[in-house]
Amino acid sequence: MQDLILLHGALGSNEQFSELIKHLEANFTVHLLNFEGHGGGNIPQKFSIELFAENTFQFISENKIENSFVFGYSMGGYVALKLAIQFPNMLKKIMTLGTKFEWSPEAAEKEIKLLNPDLIEIKIPRFADMLRKRHSPADWKIVMVRTAEMMKDLGNEKAIKQEDYKKINIPVLISIGSEDKMVTINESKSTAEKLSNGKCKVINGFPHPIEMVNPEDLAREMINYFIILS
């Protein structure tokens, strides 16, 4: 079977895919990893898309995975595209879901304001508890602070510049949920147009949080793109 690598989002871990993989394993050899500092691992001094792309490259190399499909949720989609820019012949196809591409200093500042761990602990205790469990034994608050710092760099185009997208030659599907309140359809379509082999698909009913997406429906979209349309 064809290899499929799943890349999680910001503040996430590979546990975000625990239900999804049940609907994929009949069609793919599914591979999961945690980006450095996520899922309870040691937290580095700095988060970056470059670091997470390097994590993915090392995972692929160590597991001797060749010509794989990659699905990236939210930040994971950004990492997948960064990997495709750096290593043009490593991947076969990419699908992203809910990935934010429209970064500017103003957009970054808007997202950073939402990443206040002390405020979240008071106002959204259930979310704080989920993050505490997800990143244990590491400190979820540090994960959030490092993520906020990374977003500032994204706003300054330190990860992917607009002209970099044209370097990606493999097929890429930029998918966006119709109910996504974090990412716009316009930025998704605009990014797909910058790719030499890119398409955009709006998936009806999907919100941004992957935990709120029906895993069977998402798996169906992935199987259709990676296998049926190959």
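Conventions adopted
- Residues numbered from 1 in each chain as written.
- Predicted model: local features only at pLDDT ≥ 70, side-chain atom pairs only at ≥ 80, totals over all residues.
- Heavy atoms only, no water.
- Helix = DSSP H or I, 4+ residues; strand = E, 2+ residues; numbered from the N terminus.
- Buried < 20%, exposed > 50% of the residue type's maximum accessible area, 1.4 Å probe, protein only.
- Contact = heavy atoms within 4.5 Å.
- Pairing = 2+ DSSP bridges.
- Axes fitted to C-alpha atoms, helices over the stretch in contact; angles between N-to-C directions.
- Expected span 1.5 Å × (residues − 1).
- Polar contact = N/O pair within 3.5 Å; in protein donor to acceptor, adjacent residues only side chain to side chain.
- Right-handed = clockwise from strand over helix to strand, strands pointing away.
- Core = buried A, V, L, I, M, F, W, Y, C linked by side-chain atoms within 4.5 Å.

A. Region of the structure containing the environment of Ile-43. Turning to its location among the elements, Ile-43 is positioned in the loop between strand 2 (28-32) and helix 1 (49-62). Overall, the relative accessible area of 23% leaves Ile-43 in the partly exposed class. For the pair Ile-43 and Val-143, spaced 100 residues apart in sequence, the C-alpha separation works out to 7.2 Å. The contacts of Ile-43, once residues within four sequence positions are left out, are Gly-37, Ala-138, Asp-139, Ile-142, Val-143 and Arg-146.

B. Molecular detail of the sheet that holds strand 5 (residues 172-177). Here six strands make up an open sheet; going across it, the order is 2-1-3-4-5-6 and the pairing parallel. The open sheet has two free edges, formed respectively by strand 2 and strand 6 (198-203), since each of these has just one partner strand. Ignoring which end each strand starts from, the neighbouring axes of this sheet average 20 degrees apart. The pairing of strand 3 (residues 68-73) with strand 4 (residues 91-97) spans six bridges and is classified as parallel. Within the sheet, the bridge partner assigned to Tyr-73 lies in strand 4 and is Leu-97. Running at roughly 150 degrees to strand 4, helix 8 (residues 215-228) makes contact with strand 1 (2-7), strand 2, strand 3, strand 4, strand 5 and strand 6 of the sheet.

C. Structural view of helix 6 (residues 140-155). For helix 6, with 16 residues, the first-to-last C-alpha span of 23 Å sits near the 22 Å given by 1.5 Å per residue. Those residues of helix 6 lying buried are Trp-140, Val-143, Met-144, Arg-146, Thr-147, Ala-148, Met-150, Met-151, Asp-153, Leu-154 and Gly-155. Summarising the contacts, the buried residues of helix 6 are in contact with helix 1, helix 2 (75-86), helix 3 (105-112), helix 4 (117-123) and helix 5 (125-135). Two or three places before Lys-141, at the opening of helix 6, Asp-139 has a side-chain oxygen 2.9 Å from that residue's backbone nitrogen.

D. Examining the pairing of strand 3 more closely. Burial runs high along strand 3: six of the six residues are buried. The side-chain alternation of strand 3 yields two buried faces, one formed by Ser-68, Val-70 and Gly-72 and the other by Phe-69, Phe-71 and Tyr-73. One ladder, built from four bridges, connects strand 1 with strand 3; its direction is parallel. In the sheet register, Ile-5 faces strand 3, and the bridge partner there is Val-70. Traced from strand 3 through helix 2 to strand 4, the parallel crossover comes out right-handed.

E. Structural view of the pairing of strand 5. Within strand 5, six of the six residues are buried, which leaves it mostly tucked inside the rest of the structure. By the alternation rule, side chains of strand 5 split into Val-172, Ile-174 and Ile-176 and Leu-173, Ser-175 and Gly-177, which are all buried. Direction of pairing for strand 4 relative to strand 5: parallel, over a ladder of four bridges. Bridging across to strand 5, Met-95 finds its partner in Leu-173. Bridge count between strand 5 and strand 6: six bridges; the pairing is parallel. Across the sheet, the residue bridging to Ser-175 is Lys-201, located in strand 6.

F. Fine view of the nonpolar core. Counting 47 residues, the largest nonpolar core has Tyr-78, Leu-81 and Ile-94 as the members making the most contacts within it. Those elements giving two or more residues to this core turn out to be strand 1, helix 1, helix 2, strand 4, helix 5, helix 6 and strand 5. Broken down by element, this core gets its largest block of residues, eight residues, from helix 2. Residues within four places of Tyr-78 in sequence aside, it is in contact with Ile-49, Thr-99, Lys-100, Phe-101, Trp-103, Leu-154, Ala-159, Ile-160 and Tyr-165. Of all hydrophobic cores here, the second largest spans 23 residues; its members include Leu-97, Leu-218, Met-222 and Ile-223.

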